[in-house]
Amino acid sequence: MAPRILVLGAGINGLSSAVCVQQACPLAQVQLVAEHFSPDTTSDGAGGSWGPYLLGDTDQELILRLSEITYNHLLRLANSSLAGVVKAQKISGYHLYRNLPAGRQFWRHLVAGFRQLTDEEMKQYPLFDSGTFYTAVTVDVTPYLSWLMKRFKACGGTTRQARVDNIEEVAADFDIVINCTGLASRRLFNDDDVFPIRGQVWKKVKKPNPAVLFCFLPALTNGSRVEYLTVGGTSQVGDWNTRVDPADSAAIWNKAVTIFPMLKHATPLEVWAGLRPARKSLRLEMQAIETHGRSIKVIHNYGHSGSGITLHWGCALEVTAMVLEALGTEKEHIKRVVSRL
Ligand SMILES: Cc1cc2nc3c(=O)[nH]c(=O)nc-3n(C[C@H](O)[C@H](O)[C@H](O)COP(=O)(O)OP(=O)(O)OC[C@H]3O[C@@H](n4cnc5c(N)ncnc54)[C@H](O)[C@@H]3O)c2cc1C
């Protein structure tokens, strides 16, 4: 019988896991169940920039492996004819810091042309004590999710909109469950290590001029997306408020214009707040659970915090390898299949 696989969650991690699993197991019946679909997920609100951020105690080697795979995947898209569909692009710019802890940029060899700013260049930014310049990659998440969803459905994937309050409700009809519900894993899988890091940003800001502006600072990011700038935002640990706070909106904008006067004539169009699904460390592992009198495998893929876009493709490949393992595929074959995705 064809394996029946349930993917819980339709953000960037659920959808990319679903697509990769389908490619690796063409006979599997894959269903995606989620309370919210794009454009209403946290992933849709993300700035879309590649760069490991706020990952707690997650092992550095693991972050490097997952983020490198994702970087190369996004770069391939940005260099392909699909770039204009998924809105992926390479982007170069300045990153400015105050008191940056040593070793924070352990991923520097993955991006192109990484260099420290010279003392002469730093004179342009008197509010900062160090800076770098490099080329990385960014994607507009909503068009990217829409492209993934088309691929998923074209391969026979089905979707169902539902809020799941207990895994027992949905597990009966499936052999494997892939859990990509982010913060909801706290309740669904009794995981007390999961917590929100609230982020509010000016999500759509009309550029004052066509020039690329790409500057990361602690607590202030100006990410240049394909269509608009994203300006902000906050990192409020433990705050569950998903509504926009007008005081945050004003504070972000005033700070941005003070630091970057060239934003003065930019037009802030849309503000957004969301919760980064944070955890003590990323959870990417398989667990056996007893339900309806049988044992099924749950593969967890959550806790990406401020790096869900940065890690998603690497995580989807790990999930795929675990699905193949659960289906009894031999190791060498798993390697071959996953390396082609
Ligand atoms: C302001 C801000 C800016 C960000 N910028 C970036 C960035 O530039 N780069 C980057 O790498 N990361 C960024 N992030 C982080 C990124 O948004 C997250 O890491 C990522 O979206 C997590 O994706 P996910 O698929 O795991 O979860 P989500 O996108 O939250 O999706 C979770 C899915 O699970 C479903 N679900 C939840 N509970 C249930 C339930 N009980 N029943 C059924 N379905 C359920 C939801 O409906 C949804 O479909 C940013 C985050 C914020 C807040």
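On a predicted model such as this, the values are computed, not experimentally measured, just so you know. (Residues numbered from 1 in each chain as written. Predicted model: local features only at pLDDT ≥ 70, side-chain atom pairs only at ≥ 80, totals over all residues.)

## Considerations on the sheet that holds strand 7 (residues 176-179)
Overall, mixed pairing links the 6 strands, which are arranged 6-2-1-7-15-14 in an open sheet. Each edge of the open sheet carries a strand with a single partner, namely strand 6 (158-161) and strand 14 (283-291). Neighbouring strand axes in the sheet, compared pairwise and without regard to direction, differ in orientation by 20° on average. Note: strand 1 (residues 4-8) against strand 7, 4 bridges, orientation parallel. Paired with Leu8 across the two strands is Asn179, which belongs to strand 7. Of the strands in this sheet, strand 1, strand 2 (29-34), strand 7 and strand 15 (294-302) touch helix 1 (residues 12-24), which is tilted by about 175° from strand 2. Along the sheet face, helix 10 (residues 308-326) touches strand 1, strand 7, strand 14 and strand 15 and points at about 165° away from the line of strand 15. (Pairing = 2+ DSSP bridges. Helix = DSSP H or I, 4+ residues; strand = E, 2+ residues; numbered from the N terminus. Axes fitted to C-alpha atoms, helices over the stretch in contact; angles between N-to-C directions. Contact = placed C-beta atoms within 7 Å.)

## Considerations on the site of the ligand
In the neighbourhood of the ligand, 38 residues make up the surrounding shell, with Gly9, Gly11, Ala184, Gly199 and Gly308 lying closest. Only helix 1, helix 2 (42-45), strand 8 (194-206), strand 13 (267-279) and helix 10 provide two or more residues apiece to the shell around the ligand. Grouping the constituent residues of the shell around the ligand by class yields 12 nonpolar, 23 polar and 3 charged. (Near = placed C-beta within 6 Å. Nonpolar A, V, L, I, M, F, W, Y, C, P; charged D, E, K, R; others polar.)

## Regarding unusual backbone geometry
A cis amide bond links Ser38 to the next residue, Pro39, at an omega of 15°. Along the chain, Pro39 turns up in the loop between strand 2 and helix 2. The backbone of Asn99 sits at a positive phi, close to 50°, despite the residue not being glycine. Note on placement: Asn99 falls in the loop between strand 3 (88-97) and strand 4 (112-116). In the Ramachandran plot, Ser305 falls in the positive-phi region, its phi being about 50° despite a non-glycine side chain. As for its position among the elements, Ser305 is in the loop between strand 15 and helix 10.

## Quick look at the sheet that holds strand 3
Note on sheets: strands pair through backbone hydrogen bonds, and any given pair is parallel or antiparallel. The strand order across the open sheet formed by 3 strands is 3-5-4, and the pairing between neighbours is antiparallel. The sheet is open, and its two borders are formed by strand 3 and strand 4, each paired with just one other strand. Here the strands of the sheet are splayed against their neighbours by 25° on average, with no regard to which way each runs.

## Overview of the pairing of strand 11 (residues 229-232)
Side chains Leu229 and Val231 of strand 11 all project onto a buried face; the interleaved residues Thr230 and Gly232 project onto the opposite face, where all are buried too. With 3 bridges joining them, strand 8 and strand 11 adopt antiparallel strand pairing. Paired with Trp202 across the two strands is Val231, which belongs to strand 11. (Buried ≥ 20, exposed ≤ 12 C-beta atoms within 10 Å, placed from the backbone.)

## So, the UniProt feature "signal peptide" (unreviewed entry) in the chain
In the numbering used here, UniProt assigns the "signal peptide" (unreviewed entry) feature to residues 1-18. A distance of 19 Å separates the end C-alpha atoms of residues 1-18, which is 39% helix and 28% strand. (UniProt positions renumbered as here; feature names shortened; annotations may be inferred.)

## Description of the environment of Val21
Here Val21 lies in helix 1. For Val21, a count of 27 C-beta atoms within 10 Å gives the class buried. Along the backbone, Val21 and Val205 are 184 residues apart, and their C-alpha atoms lie at a distance of 36 Å. Apart from residues no more than four positions distant in its own chain, Val21 is found in contact with Ile5, Ala28, Val30, Val319, Thr320 and Val323.

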